Amino acid sequence: MSRVDAVPAPVLVLAGVLSVQFGGALAATLVPEIGAAGSVVLRLVIATALLVAVARPRWRGHSRRDLGTILCFGLAMGLMNFAFYASLGHLPIGVAVTIEFVGPLSLAAVLSRRPRDLLAVATAAIGVVLISRALSLPFDQLEGTGILLALAAGACWAAYIVFSGRTGAAFPQLEGLALAMVVATVVVLPFGLWDVARHGTGAWDAEVLLKGLGIAVLSSVLPYSLELFALRRLAPAVFGILLSLEPAVAALAGLLVLGQRLSPVQLVGMALVVVASVLVLGLGAARKPKAELPV
């Protein structure tokens, strides 16, 4: 048993949730300086280098099916990060994560096909309307671009969950994750180069590179690794409930790191999404066999 396996799986997931959201808050300070794509590329290049050095993955010796899983996992990961970072240029991080969370929530409800879960998704949709301020702002002031980007990130997050579970089952330790990170980096690299050309190389100073290192560790290396280890031995209900804390933790990170405050109506919307998530991913998961869950 490794040292990581000795740590309770719920602790690993909770640590990953905290890490990725505070990493996202740090990323929100970097996006205005070098752009969303530049921030993602910087994060992925550093994180990929660290994971490849640790895991030392091999491309050879794997079946076409497993390599296809890696390609899909990496594609979902790269686009998820790109869309989410782009949404941070338009939305507070708590709002972006709450909207993004509709992706995995909807996936779980669709796979479940129970009326109660579909009702929970409808409740989450109401929460998203409230937190996006769609009812209180004129249409021309609504951050439509940010909302669409967060929804796109959510769709990619759902795909990430599916292929993360398959990768963890097909590859030992962190090998599959390291290979997927390489794919993700290649996917977003052209957009990152365009951002570098747009902002200029002068913006990439020592402070930016240091932030990139922090974001790579907090948002990629730690959470992805911890989640991959935890998903191998965690009860689906526990994983779902812990994952449901993401929007609330994001709001906390936004408050502490960025000074972003949400209105009472937005907090009510966030609460609706968290409750719906617990019902579908947590309590609902307790009644389904683990093999059927997208984790």
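Residues numbered from 1 in each chain as written. Predicted model: local features only at pLDDT ≥ 70, side-chain atom pairs only at ≥ 80, totals over all residues. Heavy atoms only, no water.

1. Quick word on the overall build of the protein
Part 1 of the argument: A tally of helices and strands in the protein yields 12 helices and 0 strands.
Part 2 of the argument: Start at the N end of the protein and walk to the C end: the helices and strands fall as α-α-α-α-α-α-α-α-α-α-α-α.
Part 3 of the argument: Scored against the burial criterion, the 295 residues of the protein give a buried share of 50%.
Part 4 of the argument: The contacts of the protein with a sequence gap of at least 6 include a subset with a gap of at least 24, amounting to 90%.
Part 5 of the argument: About 13,200 Å² of surface is accessible on the protein, with carbon and sulfur atoms providing 69% of the total. (Helix = DSSP H or I, 4+ residues; strand = E, 2+ residues; numbered from the N terminus. Buried < 20%, exposed > 50% of the residue type's maximum accessible area, 1.4 Å probe, protein only. Contact = heavy atoms within 4.5 Å. Areas by Shrake-Rupley, 256 points an atom, 1.4 Å probe, with all protein chains shown as cover.)

2. Some thoughts on the packing of helix α1 (residues 9–34) against helix α2 (residues 36–55)
The packing of two helices is summarised by the inter-axis angle and the distance between the axes.
Part 1 of the argument: At a minimum axis distance of 7 Å, the contact between α1 and α2 shows a crossing angle of 120 degrees. In terms of their interaxial angle, α1 and α2 are classed as oblique. Two packed elements cross with a definite hand, and for α1 against α2 that hand is right-handed. Contacts from L30, V31 and I34 in α1 reach A36, G38, S39 and L42 in α2.
Part 2 of the argument: Residue composition of the contact of α1 with α2, by class: 5 nonpolar, 2 polar and no charged. (Axes fitted to C-alpha atoms, helices over the stretch in contact; angles between N-to-C directions. Parallel < 35°, antiparallel > 145°, perpendicular 65-115°, else oblique. Left-handed = near helix turned anticlockwise from the far one by under 90°. Nonpolar A, V, L, I, M, F, W, Y, C, P; charged D, E, K, R; others polar.)

3. Observations concerning the packing of helix α4 (residues 93–100) against helix α7 (residues 144–170)
Part 1 of the argument: One can describe the packing of α4 onto α7 by two numbers: an axis separation of 7 Å at closest approach and a directional angle of 50 degrees. Taken together, the axis directions place α4 and α7 in an arrangement best described as oblique. By crossing handedness, the relation of α4 to α7 is classed as right-handed. Contacts from A96, I99 and E100 in α4 reach I147, A150, L151, A153, G154 and W157 in α7.
Part 2 of the argument: Counted by class, the contact of α4 with α7 contains 7 nonpolar, 1 polar and 1 charged residues.

4. Details of the packing of aromatic side chains
Part 1 of the argument: All chains considered together, the criterion is met by 4 aromatic pairs.
Part 2 of the argument: Between F73 and Y160, the aromatic rings sit 5.2 Å apart at their centres with planes inclined by 40 degrees, giving tilted as the arrangement. You can see F73 sitting in helix α3 (residues 64–87) and its partner Y160 sitting in helix α7, a full 87 residues away along the chain. Each member of the pair F73 and Y160 is classed as buried.
Part 3 of the argument: Aromatic side chains F101 and W157 sit 5.2 Å apart centroid to centroid with 75 degrees between the ring planes, which places their arrangement in the edge-to-face category. Taken together, the positions of F101 in the loop between α4 and α5 (102–112) and W157 in helix α7 put the pair 56 residues apart, joining distant regions of the chain. (Phe/Tyr/Trp six-rings, centres within 6.5 Å; stacked < 30°, edge-to-face > 60°.)

5. Looking at the environment of L118
Part 1 of the argument: Tracing the sequence through the fold places L118 in helix α6 (residues 115–131).
Part 2 of the argument: Taking the C-alpha atoms as reference points, L118 and A276, 158 residues apart in sequence, are found 9.7 Å from one another.

6. Let's talk about the pattern of salt bridges
Part 1 of the argument: Scanning all chains against the criterion turns up 1 salt bridge.
Part 2 of the argument: Between E33 and K211 there is a salt bridge, with its nearest N and O atoms 3.1 Å apart. Residue E33 is found in helix α1, and its partner K211 is found in helix α9 (residues 206–230); the two are separated by 178 residues along the sequence.
Part 3 of the argument: Of the residues examined, E33 reaches a relative accessible area of 31% and is grouped as partly exposed.
Part 4 of the argument: Its relative accessible area of 16% is what places K211 among the buried residues. (Salt bridge = Lys/Arg side-chain N within 4 Å of Asp/Glu carboxyl O.)

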